[in-house]
Structure formats: C-alpha cells, structure tokens
Amino acid sequence: MDSTQQKIAFLGLGSMGLPMARRLLEAGHPLTVWNRTAGKADALVADGAVRAETPADAVRDADVVVTMLADPAAALAVAEALLPALRPGTHWIDTSTIGPDAVGTLTAGLPEGVTLIDAPVMGSVDRAAAGELLILAGGDTAPVAAVLDRLGTVAPCGGPGTGAALKLVLINAAIGGVALVAEALTLAGSLGLSREPTLRSLAEGPLSGAVARATATGSHFPVALAAKDVALATAAAELPVLAAVHAALSGDASLWDQDLSALAR
C-alpha cells in the first residue's frame, strides 16, 4: 500500500492534536476525526476529513489510529470505546502523555493482531504545525514510519512503554527548569535586579533552554497539563523538588489555562 493511502483515524483535536491531524490530511491520507467537543473538527471536515460520531466509528476502517488525549483517564475512556472496533492489522499510535503504567493497561487490552506504539511528543503547538515535534517512540515504528515522519523526528526509545517513560523524564526536567527560572526571577526582583539583564545572564549559563521556554510566546502548554505531568512523575518516584513544583502549579487556579511560561511572568 502507498503510505499516503493508509486510512488514518485521529482522536483528540485539542491544541496539539488539531495541527497534527491537519498535517496528515495535507499529506494526502484519508482522515477520519473524532473529538469529544465535535465542533473542534469543523475546520478539518471543511478541508476534506470525515467526522465520526463515536471513537468506534472513527477507527472501524482505519489502518492507523492516532490518539492525542489529555490524561490517563481520557485515554482509558476512549480506549474502552474504540478497542472493540479495531481490526487485526491496525496500528495504534498514542501520542498522549499518560505514563508507562497507562500504556501497559492499553497494551493489555489490545485485540489480537493490533499493535500499540507509545509515541508521546516533545514540542508545543508551533512545532506541531511545522511537523517538527520530537517523537519519543516505544515499540516498532516501521509500519507507521510515513505517518510519524509527517509529524516530526522519531527518537526510538526501546520496547513498549519506553517512550512514555522517557517523556515523563524530559517533560519534568523542562517543567522544573521553568519553575526554577521563575524563582530566580523572583529572587532577582527581591534583590533589586531588573528582569531583562537577569534573563540574559541566566541564558548564558546551563539554564539557557529553560530560559527560552520560560519566555516563549508561540507555545501553549497549559499549567493544568504541566501539573498532570508532574503528578505522574511524583507517583513513580520520590521527587521532593518536583513535589514542590506540583504544589506551585496546582495552587493558583487562575494560571491553569495559561501557558507554562506564565510562571515566569
């Protein structure tokens, strides 16, 4: 089969899923889409995608299923709805950040002949739109290489669950770095130092990447989702610094819908 003729079902059209799905549609894949809030699919449907009423309807004829969902609860709920409809030979790519335990639960429920690749991504909406995500893949990606290549660069991590595990490591390092930059700015202000010179000096040292993320303007990684990712990490290991970061992220509800960079503003 020509790789562009693989029928794709894409479930989860939030801030990340929508530009990812659009890239697959623009690559010529027949695309069926589903989202819990149906209106988020309107623009894709106007451009040729097919809207499904349920997760099962979305995946019934798919060669490849891609999910981008908010958290483990959402992923498990959608899985319950779609698993009975998956055909043998279907490849399911989960790009959500749900941790290896949830991936293990999804894998255990797969019908015979269906494979799951855990492929969470690093990068925000700007990189999703440009096809420049870093895809942390656990499992055999060869059958879905054309799909993943359209979304970004694949970093093979090992067997099933390893992509989900590495994503927790990387995203928590990034979140912790932004939180540290925010506290450094608070300390600088209390000592009478100006923000911009402080940021420039921080950017010249080992926190340069964290400074870039803390001052990013083209990203949208809601604080609420960052708190979810930290909670997944602190459930897996004793991490006192990240536990304090989680308290900071979850303590101010006014920040939950804002990008993570709000911590440093």
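Quick caveat, the model's predicted, so the values are computed rather than measured.

1. Observations regarding the nonpolar core
And then number 1: In this structure, Phe 10, Met 16, Met 20, Leu 31, Val 33, Val 66 and Ile 93 are the most contacted members of the largest nonpolar core, which totals 29 residues.
And then number 2: If you list the elements that add at least two residues to this core, you get strand 1 (8-11), helix 1 (17-26), strand 2 (31-34), strand 4 (64-67), helix 6 (125-130), strand 8 (133-138) and helix 7 (145-151).
And then number 3: When sequence neighbours within four positions are dropped, the list of residues in contact with Ile 93 reads Val 64, Val 65, Val 66, Thr 67, Ile 117, Ala 119, Val 144, Val 147 and Leu 148.

2. Observations regarding a nonpolar patch on the surface
And then number 1: A cluster of nonpolar residues, Leu 134, Leu 166, Val 169 and Leu 170, forms a patch on the protein surface that exposes about 280 Å² of accessible area.
And then number 2: As for its placement among the helices and strands, Leu 134 is situated in strand 8.
And then number 3: Owing to a relative accessible area of 32%, Leu 134 belongs among the partly exposed residues under this scheme.

3. Points about the UniProt feature "domain: 6-phosphogluconate dehydrogenase NADP-binding" (unreviewed entry) in the protein
And then number 1: Listed under "domain: 6-phosphogluconate dehydrogenase NADP-binding" (unreviewed entry) in the UniProt record, and renumbered for this structure, are residues 7-156.
And then number 2: When the span residues 7-156 is considered, its composition is 36% helix and 23% strand, and the gap between its end C-alpha atoms is 24 Å.

4. Section: the packing of helix 5 (residues 99-108) against helix 8 (residues 162-190)
And then number 1: Contact geometry for helix 5 and helix 8: axes closest at 7 Å, N-to-C directions at 160°. The angle between helix 5 and helix 8 falls in the class roughly antiparallel. Of the two possible hands of crossing, helix 5 and helix 8 adopt the one that is right-handed. Between helix 5 and helix 8, the residues in contact are Gly 99, Pro 100 and Val 103 and Ala 164, Ala 165 and Leu 168, respectively.
And then number 2: For the contact of helix 5 with helix 8, the residue count by class is five nonpolar, one polar and no charged.

The rules behind these values
- Residues numbered from 1 in each chain as written.
- Predicted model: local features only at pLDDT ≥ 70, side-chain atom pairs only at ≥ 80, totals over all residues.
- Heavy atoms only, no water.
- Core = buried A, V, L, I, M, F, W, Y, C linked by side-chain atoms within 4.5 Å.
- Buried < 20%, exposed > 50% of the residue type's maximum accessible area, 1.4 Å probe, protein only.
- Helix = DSSP H or I, 4+ residues; strand = E, 2+ residues; numbered from the N terminus.
- Contact = heavy atoms within 4.5 Å.
- Patch = residues over 30% accessible without salt bridge, like charges linked within 9 Å, V, L, I, M, F, W, Y side chains within 5 Å.
- Areas by Shrake-Rupley, 256 points an atom, 1.4 Å probe, with all protein chains shown as cover.
- Salt bridge = Lys/Arg side-chain N within 4 Å of Asp/Glu carboxyl O.
- UniProt positions renumbered as here; feature names shortened; annotations may be inferred.
- Axes fitted to C-alpha atoms, helices over the stretch in contact; angles between N-to-C directions.
- Parallel < 35°, antiparallel > 145°, perpendicular 65-115°, else oblique.
- Left-handed = near helix turned anticlockwise from the far one by under 90°.
- Nonpolar A, V, L, I, M, F, W, Y, C, P; charged D, E, K, R; others polar.

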